[in-house]
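# Summary of structural features
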Amino acid sequence: SAETVSTTDTTVPDGWAKGNWGTNNASFTYDTTGHTSSRSMKVQMTSYTNGDAKWYFAPVSVTADSQYTFSDYYKADTQTSLIAQFGKSDGTSIYVDLGTVAASSDWAQASATFTAPAGSQNVTIFHVLGAIGSLTIDDASLATATASTPTVSLTSPSANSTVTGTVTATASAVPSRRRVNST
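All values reported here derive from a predicted model rather than from experimental measurement. (Residues numbered from 1 in each chain as written. Predicted model: local features only at pLDDT ≥ 70, side-chain atom pairs only at ≥ 80, totals over all residues. Heavy atoms only, no water.)

### Describing the overall build of the chain
Inclusion rule: Secondary structure elements follow DSSP: runs of H or I of four or more residues count as helices, runs of E of two or more count as strands, with numbering from the N terminus. Think of it in three bands: residues with accessible area under 20% of the maximum for their type are buried, residues over 50% are exposed, and the middle band is partly exposed, with areas taken using a 1.4 Å probe on protein chains only. The contact definition used throughout considers only heavy atoms, calling two residues in contact when any of these lie within 4.5 Å. Only the protein chains shown count as cover for residues, with accessible areas throughout obtained via the Shrake-Rupley method and a probe of 1.4 Å.
Helix and strand counts for the chain come out as zero helices and 14 strands. Walking the chain from its N terminus toward its C terminus, one meets helices and strands in the order β-β-β-β-β-β-β-β-β-β-β-β-β-β. Counting over 183 residues, the chain shows a buried share of 38%. The contacts in the chain between residues at least 6 apart in sequence include a share of 72% that link residues at least 24 apart. If you sum the accessible surface of the chain, you get close to 9700 Å²; carbon and sulfur atoms cover 47% of it.

### Topic: the nonpolar core
The condition that has to hold: Nonpolar core, defined: a set of buried Ala, Val, Leu, Ile, Met, Phe, Trp, Tyr and Cys residues in which side-chain atoms within 4.5 Å join the residues together.
The biggest cluster of nonpolar side chains holds 34 residues, and the ones touching the most others in it are Phe70, Tyr74, Leu82, Phe114, Val123 and Ile125. Beyond its immediate stretch of four places on either side in the chain, Phe114 contacts Ser66, Gln67, Tyr68, Phe70, Phe86, Leu98, Ile125 and Leu142.

### Observations concerning the environment of Asp31
Within the secondary structure layout, Asp31 lies in strand 2 (residues 24–31). Taking C-alpha positions, Asp31 is 9.2 Å from Ala2, a pair spaced 29 residues apart along the chain. Those residues in contact with Asp31 that sit more than four places away from it in its chain are Ser38, Arg39, Ser40 and Lys42.

### Things to note about unusual backbone geometry
Even without glycine at this site, Asp65 takes up a positive phi of about 70°. In this structure, Asp65 sits in the loop between strand 5 (60–61) and strand 6 (67–76). Since its relative accessible area comes to 58%, Asp65 is described here as exposed. Of note in this structure, Asp139 is not a glycine but carries a positive phi near 50°. Assignment of secondary structure puts Asp139 in strand 11 (residues 133–145). Asp139 sits in the buried class, given a relative accessible area of 15%.

### Looking at the packing of aromatic side chains
Put simply, the rule is: The rule is short: rings of Phe, Tyr and Trp, with Trp giving its six-membered ring, pair when the centres are within 6.5 Å, and they are stacked under 30 degrees, edge-to-face over 60, tilted in between. Working rule: Lys NZ or Arg CZ, within 6 Å of ring centre, within 35 degrees of ring normal, means a charge sits over the ring.
Applying the stated criterion across every chain yields a total of six aromatic pairs. Measuring from ring centre to ring centre gives 5.8 Å for Phe28 and Trp55, while their planes differ by 85°; the resulting arrangement is edge-to-face. Within this pair, whereas Phe28 is found in strand 2, its partner Trp55 is found in strand 4 (residues 52–57), the two being separated by 27 residues in sequence. Centroid distance Phe57 to Phe70: 6.3 Å. Interplanar angle 25°. Geometry classified as stacked. Taken together, the residues span a long stretch of sequence, with Phe57 in strand 4 and Phe70 in strand 6 at a distance of 13 residues. Phe70 shares its class with Phe57; the two are buried. The structure contains a cluster of three or more aromatic residues connected by ring pairs, namely Trp16, Phe57 and Phe70. A cation over a ring is seen here: Arg39 above Tyr30, with NZ or CZ 3.6 Å from the ring centre. Here Lys54 stacks its cationic end above the ring of Phe126, 5.1 Å away from the centre of that ring.

### Let's talk about the environment of Gly87
Among the structural elements, Gly87 can be located in strand 7 (residues 80–88). Each C-alpha atom of the pair Gly87 and Ser61 lies 9.1 Å from the other, and the pair is 26 residues apart in sequence. In this structure, Gly87 is in contact with Thr92, Gly119, Ser120, Gln121 and Asn122, ignoring residues within four places of it in sequence.

In structure tokens:
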């Protein structure tokens, strides 16, 4: 969530930044209302020709070719989008469009699953406002599948049953997941 205030700038949560580019007029607010607690981050755009405005978390380490899921809770009075920025070891960045997010007057969850491209070392996700309107975000998280063995349950034949001949076994598996970053 956005609960912890930065020790160096009280207008932003710890580990977060705000930014915009292009020809637009964006204002940023560190709000005192949130999805699950008392703080959230809002961007308001009052004029727009091009570009975007967004809040984003400090890049976190990722493993190339591994799959991740990002989610946040948001309110927006216009369509927004999610964009991943992957940092590479040579100092360059790769940008991946993760899709559009519908407007919602109530708190809604945005989510996208992606694979970190070859050569990437870290990622941040931009939940982008690219039009006149407002976007408020809270409770962002980034999770990845672990390399550990999934939990497997044998569902047929039943436990302690005796079988003969050829038998079809049925099982279900649930992948293990671990949280990479929660902000």
